Amino acid sequence: MTSTLDSDTADKADRVGPKPMIEGKRNRATQIAVYIFILLPFAALVAAVPFAWGWGLGWTDIALAVFFFYFSGLGVTVGYHRLFTHGSFKAKRPLKIFLAIMGSFAVQGPPVTWVADHRRHHAFSDREGDPHSPWLFGTSPAALAKGFWHAHMGWMFDDSVTNKERFAPDLMADEDIMWVNRFFPLWTGLTLVLPAVLGGLVSWSWWGALTAFFWAGLVRISFLHHVTWSTNSICHMIGERPFASRDKAANFWPLAILSFGESWHNLHHADPTCARHGVQRGQIDTSARLIWVFEKLGWVTDVRWPSEARLAKLAAR
Ligand SMILES: [Zn+2]
Ligand SMILES: [Zn+2]
């Protein structure tokens, strides 16, 4: 799933003038990899239900799955999303690199590809050009069912590649990010192998390695895939809209904890650079809490916290 990047990228990024939205098509190998790394973990998730009864699922598997779920999930929400896409805060260099690696562990594509797609989503949200809007096919029940499928996972099988030079020139100019980006196949390997190694060591058995690979590797990856994709599908269809945004983004509370606060999606589209998405009373936002901890530790600065005045201005009439 790595992207082929030109060596004269920096020159091109500096060039003025509008750049096309799509830079080209995925090559055959990348397209096949996308299918494998979406469908294989998904098959494991489906298989997990019958397997859970009477088949190897131990406390070690559960602990490892939870750990890697948080590790890779927060890498996406805090790193890929709030830092790299939206610049909600500034991170010290070691943390910046580590967050990019953590996000890569989610197997949602390398950071630059993810950010380019997501910035395109915000630029065209719920309009023509949005890579994953559920509203592009109409509002009849059949059109909405098709829209839901497209926004949730169908869009990823489209082989059009979002133009990274147009949507992520800043990241392409960042040597550290490009380094993490280049090694995406390595991070993908590690996110599957590390749970197996740890499970094998804890249980001191090949069986323990295999069950940890299954639960904390494959099942965890697919489960997190669906949580992330639910923000694109469900959170653009159902929920509360207390803030004014140009699109259909909504706050969907049942996913708040699993999505690390990303399901407070209405506020996010109303104020994309805000470091906290769950801004109202009782709205749990684990990602914002982690950013807060990083700030206390002095690892991040310039955090864009919400202010009362700004929220009042954003409140929908
Ligand atoms: Zn959105
Ligand atoms: Zn966003």
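Everything that follows concerns the structure shown earlier in this document.
Reading guide: rules and limits
- Residues numbered from 1 in each chain as written.
- Chains lettered and ligands numbered in written order.
- Predicted model: local features only at pLDDT ≥ 70, side-chain atom pairs only at ≥ 80, totals over all residues.
- Heavy atoms only, no water.
- Helix = DSSP H or I, 4+ residues; strand = E, 2+ residues; numbered from the N terminus.
- Rg over C-alpha atoms; globule rule 2.2 N^0.38 Å.
- Buried < 20%, exposed > 50% of the residue type's maximum accessible area, 1.4 Å probe, protein only.
- Contact = heavy atoms within 4.5 Å.
- Areas by Shrake-Rupley, 256 points an atom, 1.4 Å probe, with all protein chains shown as cover.
- Lys, Arg positive; Asp, Glu negative; His and termini not counted.
- Charge placed at Lys NZ, Arg CZ, Asp CG, Glu CD.
- Donors = N, O, S within 2.8 Å, 3.2 Å for Na, K, Ca; no water.
- Patch = residues over 30% accessible without salt bridge, like charges linked within 9 Å, V, L, I, M, F, W, Y side chains within 5 Å.
- Salt bridge = Lys/Arg side-chain N within 4 Å of Asp/Glu carboxyl O.
- Expected span 1.5 Å × (residues − 1).
- Phe/Tyr/Trp six-rings, centres within 6.5 Å; stacked < 30°, edge-to-face > 60°.

1. Re the overall build of the chain
Part 1: A count of helical and extended segments in the chain gives 14 helices and four strands.
Part 2: In terms of C-alpha radius of gyration, the chain reaches 20 Å, essentially the compact-globule figure of 20 Å for 317 residues.
Part 3: Over its C-alpha atoms, taken along the principal directions, the chain stretches across nearly 55 × 50 × 50 Å.
Part 4: Relative to its 317 residues, the chain shows a buried fraction of 53%.
Part 5: The contacts in the chain between residues at least 6 apart in sequence include a share of 74% that link residues at least 24 apart.
Part 6: Element-wise, carbon and sulfur atoms account for 65% of the exposed surface of the chain, whose accessible area totals about 15200 Å².
Part 7: Here the chain contributes 30 positively and 25 negatively charged side chains, and the mean placements of these two sets differ by 4 Å.

2. Focus: the coordination of the zinc ion (ligand 1)
Part 1: Taken together, the protein ligands of the zinc ion (ligand 1) are H121 (NE2), H236 (NE2), H265 (NE2) and H269 (NE2), with distances of 2.0 to 2.1 Å.
Part 2: Here the donor residues for the zinc ion (ligand 1) map to a single chain with the spacing H-x114-H-x28-H-x3-H. With a gap of 29 residues between them, H236 in the loop between α11 (206-232) and α12 (265-270) and H265 in helix α12 connect regions that are remote in the sequence. This pair shows no difference in class: H236 is buried, exactly as H265 is.

3. Digging into unusual backbone geometry
Part 1: At D126, a residue that is not glycine, the phi angle is positive and equals roughly 60 degrees.
Part 2: Here D126 shows up in the loop between α5 (111-123) and α6 (141-152).
Part 3: Backbone geometry places W204, a non-glycine residue, at a positive phi of 50 degrees.
Part 4: Within the secondary structure, W204 is located in the loop between α10 (184-203) and α11.
Part 5: Overall, the relative accessible area of 71% leaves W204 in the exposed class.

4. Some remarks on the side chain of S230
Part 1: Within the secondary structure, S230 is located in helix α11.
Part 2: Residue classification places S230 among the buried residues on the basis of a relative accessible area of 9%.
Part 3: Apart from residues lying up to four places away in sequence, S230 is in contact with H152, C235 and L255.

5. Digging into a nonpolar patch on the surface
Part 1: There is a patch of nonpolar side chains on the surface, built from L57, W59, I62, V66, Y70, I257 and I284 and spanning about 690 Å² of accessible area.
Part 2: Inspection of the secondary structure puts L57 in the loop between α2 (28-52) and α3 (59-85).
Part 3: You can call L57 partly exposed: its relative accessible area is 35%.

6. Comments concerning α6
Part 1: Taking 1.5 Å as the rise per residue, α6 with 12 residues should run 16 Å; its terminal C-alpha atoms sit 16 Å apart, in good agreement.
Part 2: Here α6 has its buried residues at A143, G147, H150, A151 and H152.
Part 3: If you follow the buried residues of α6, they end up packed against α11.

7. Some details on the pattern of salt bridges
Part 1: Counted according to the given criterion, the structure contains 10 salt bridges.
Part 2: Notably, a salt bridge pairs E23 with K164, separated by 2.8 Å at the nearest N-O pair. A residue pair is termed long-range when its members are at least 10 positions apart, and E23 in strand β1 (residues 22-25) and K164 in helix α7 (residues 164-167) qualify at 141 residues.
Part 3: Residue classification places E23 among the partly exposed residues on the basis of a relative accessible area of 38%.
Part 4: The exposure class assigned to K164 is buried, which follows from its relative accessible area of 2%.
Part 5: The salt bridge involving D271 is made with R310; its shortest N-O contact spans 2.8 Å. Of this pair, D271 sits in the loop between α12 and α13 (286-297) while R310 sits in helix α14 (residues 308-314), placing them 39 residues apart in sequence.
Part 6: A relative accessible area of 4% places D271 in the buried class.
Part 7: Judged by its relative accessible area of 42%, R310 falls in the partly exposed class.
Part 8: The network of salt bridges with shared partners includes R93, K96, D174 and D176.

8. Some thoughts on the packing of aromatic side chains
Aromatic ring pairs are defined here through the distance separating the ring centres and the angle between the ring planes.
Part 1: Per the counting criterion, the structure on display carries 15 aromatic pairs.
Part 2: Ring centres of F67 and F68 lie 5.1 Å apart, and the angle between their planes is 85 degrees; this geometry places the pair in the edge-to-face category.
Part 3: Judged by its relative accessible area of 2%, F68 falls in the buried class.
Part 4: Cluster of aromatic residues (ring-pair linked, three or more members): F67, F68, F71, F98 and F105.

That is the geometry; function is a separate question.
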